Amino acid sequence: MSTQEKQKESAVEFTPLEMPDSVPGANATDFPEINEFLKSMKLRSSMFGFQKEDVYEKMQKMNSLYQSRFQQLRDQLRGQLKQIRKQQQEELAGLRESFELEKEAWEKKLLQEREEARIRLEKEQNEAGKRLGEELVRARDQIRRELQAQQQEESAQRGRELVMIKEEMDRLIERLHMLKSKLSAAAGGE
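Residues numbered from 1 in each chain as written. Predicted model: local features only at pLDDT ≥ 70, side-chain atom pairs only at ≥ 80, totals over all residues. Heavy atoms only, no water.

### Quick look at the pattern of salt bridges
Per the counting criterion, the structure on display carries six salt bridges. For the salt bridge of R118 with E122, the shortest nitrogen-to-oxygen distance reads 2.4 Å. With R118 and E122 both in helix α3 (residues 52-188), this residue pair falls four residues apart, about one helical turn. Two residues, R158 and E154, come together in a salt bridge whose shortest N-O distance is 3.7 Å. With R158 and E154 both in helix α3, this residue pair falls four residues apart, about one helical turn. The network of salt bridges with common partners includes E115, R118 and E122. (Salt bridge = Lys/Arg side-chain N within 4 Å of Asp/Glu carboxyl O. Helix = DSSP H or I, 4+ residues; strand = E, 2+ residues; numbered from the N terminus.)

### Notes on the confidence of the model for the protein chain
Looking at the protein chain as a whole, the pLDDT averages 81, with 75% of positions reaching at least 70. Within the protein chain, the lowest mean pLDDT, 53, falls on helix α1 (residues 3-12), and the highest, 90, falls on α3. Contacts of residues 17-22 to residues separated by more than four positions or lying in other chains number 11 contacts, the stretch itself having pLDDT below 50. (pLDDT = per-residue confidence, 0-100. Contact = heavy atoms within 4.5 Å.)

### What about a nonpolar patch on the surface?
Among the surface-exposed residues, L162, I165, M169 and I173 lie close enough to one another that they form a single nonpolar patch of about 390 Å² accessible area. Within the secondary structure, M169 sits in helix α3. With relative accessibility at 46%, the residue M169 sits in the partly exposed group. (Patch = residues over 30% accessible without salt bridge, like charges linked within 9 Å, V, L, I, M, F, W, Y side chains within 5 Å. Areas by Shrake-Rupley, 256 points an atom, 1.4 Å probe, with all protein chains shown as cover. Buried < 20%, exposed > 50% of the residue type's maximum accessible area, 1.4 Å probe, protein only.)

### Here's the deal with α3
End to end, α3 covers 190 Å across 137 residues, agreeing with the expected 204 Å (1.5 Å per residue, within 8%). Here α3 has its buried residues at D54, K58, L65, Y66 and R69. (Expected span 1.5 Å × (residues − 1).)

The structure is reproduced here in structure tokens:
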């Protein structure tokens, strides 16, 4: 086979380049400019194969095509990364905003519950104060009744004592009259 036939066969048997195995799950990738270069590439032949300078030149050109393609991919990926970061920042801002809204809602709810608890506490204190006031009035009435009962008992006791003293005084007066009459009878009998 001549070198020209080999070149024609290599041009016909062209398959697209694949991603390296280091990227798991990668699909075959088509680089049109590199594929076009490979299809149109013609290496000058020499006596023992191809001319070294020509092969080197074609490899340099193919390398520059790969480098430019990789630079495009890098730029594209950087753009995608920037877009993803921007999207994540927007999502984060949205999450922060929703967090702030939820926080405000919780704070409002907490303030409302605190206010309700304060109102309940005031009601309970008022009711307890009323009950305490009523119990205090009942206790005062009870004490007043007890004091009145005690005073009545004491006045009844004093009344009984006064009756006893009066009876004693009446007996003493009667005795005194008897003694007086005995004295006047003794003084008249003399």
